[in-house]
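# Structural features, examined
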Amino acid sequence: VTPVQTFYVNYSSNLTTLVNDADKHYDIDDILSGESVNISAKYTTASGMWISNATLFLNLTAPNGSLILVNRKMDEGLNVYLLSLNSSLINSLGNYTYTIEATKAGYPSRKISTGFYVEDISISLWLSTSIVRPNDTVAFYGQAKLLPEGTAVTNNPFTTYLNDSI
């Protein structure tokens, strides 16, 4: 049996390449507007040689604990196995977990479990008055929350537009 040293997963989206655990956060609005979460896995020998023609399966679990994908085969690309997840699979907020298992005759099977997080920011705005006349000064008050946790977003500037003007 040939020893396998490396088996790792990389995450990317259409906008950003994500390579470490701290960056596995996606905005639900990006996914719902057509962006995909692309998962790739490499399967190599101890010397770094690519193992081709292996079978890699992915199981994906939704934030509510239900299995979304069971034994979905990943496609083999150029020195990488790929699977793209879109809004038909990722359509709610929370932590998605998945397991990838790689197998090939003559090689030990490998299994890795990890996940990514889908979140959103909710912004609520209030006016200091409900009736506004031309040249009146109106104060805006607001709150931004990170969902699904509901924690306040602080120390992050944002701009409010009214009729496409700041």
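Refer to the structure above for everything that follows.
A quick note: this is a predicted structure, and the numbers were derived from the prediction, not measured.

Looking now at the packing of aromatic side chains. For the coordinates displayed, the defined rule picks out four aromatic pairs. Relative to Y81, the ring of W50 has its centre 4.8 Å away and its plane inclined at 35 degrees; by these criteria the two rings are tilted. Of the two residues, W50 sits in the loop between β4 (37-44) and β5 (55-61) while Y81 sits in strand β8 (residues 81-85), which places them 31 residues apart along the sequence. Just as W50 is buried, Y81 falls in that class too. Considering the side-chain rings of Y98 and F116, the 6.2 Å spacing of their centres and the 50 degrees angle between planes classify their relative orientation as tilted. Of the two residues, Y98 sits in strand β9 (residues 94-104) while F116 sits in strand β10 (residues 107-127), which places them 18 residues apart along the sequence. The buried category is assigned to Y98, whose relative accessible area is 2%. These aromatic residues form a ring-pair network of at least three members: Y26, Y96, Y98 and F116.

Residues I121, I123, L125, L127, V132, F140 and F158 make up a contiguous nonpolar surface patch of roughly 640 Å² in combined accessible area. Top contributing element to the nonpolar patch by residue count: β10, with four residues. Among the secondary structure elements, F158 is positioned in the segment after β12 (151-152).

Our focus in this paragraph is the environment of N79. Residue placement: N79 occurs in the loop between β7 (75-76) and β8. Residues N79 and A41 lie 38 residues apart in sequence; the distance between their C-alpha atoms is 9.1 Å. The contacts of N79, once residues within four sequence positions are left out, are K42 and W50.

Pairing between β5 and β9: seven bridges, direction antiparallel. Bridge pairing links L56 to A102 in β9. By the bridge criterion, ten bridges tie β9 to β10 in an arrangement that is antiparallel. Each residue of the ladder has a partner; that of G94, found in β10, is V118. The antiparallel hairpin formed by β9 and β10 contains two residues in its connecting segment, where G106 sits at a positive phi of about 90 degrees.

Here M49 shows up in the loop between β4 and β5. Residue class for M49 comes out partly exposed when judged on its relative accessible area of 47%. Here the alpha-carbon distance between M49 and N79, two residues 30 residues apart in the chain, equals 9.5 Å.

Basis of the calculations
- Residues numbered from 1 in each chain as written.
- Predicted model: local features only at pLDDT ≥ 70, side-chain atom pairs only at ≥ 80, totals over all residues.
- Heavy atoms only, no water.
- Phe/Tyr/Trp six-rings, centres within 6.5 Å; stacked < 30°, edge-to-face > 60°.
- Helix = DSSP H or I, 4+ residues; strand = E, 2+ residues; numbered from the N terminus.
- Buried < 20%, exposed > 50% of the residue type's maximum accessible area, 1.4 Å probe, protein only.
- Patch = residues over 30% accessible without salt bridge, like charges linked within 9 Å, V, L, I, M, F, W, Y side chains within 5 Å.
- Areas by Shrake-Rupley, 256 points an atom, 1.4 Å probe, with all protein chains shown as cover.
- Salt bridge = Lys/Arg side-chain N within 4 Å of Asp/Glu carboxyl O.
- Contact = heavy atoms within 4.5 Å.
- Pairing = 2+ DSSP bridges.

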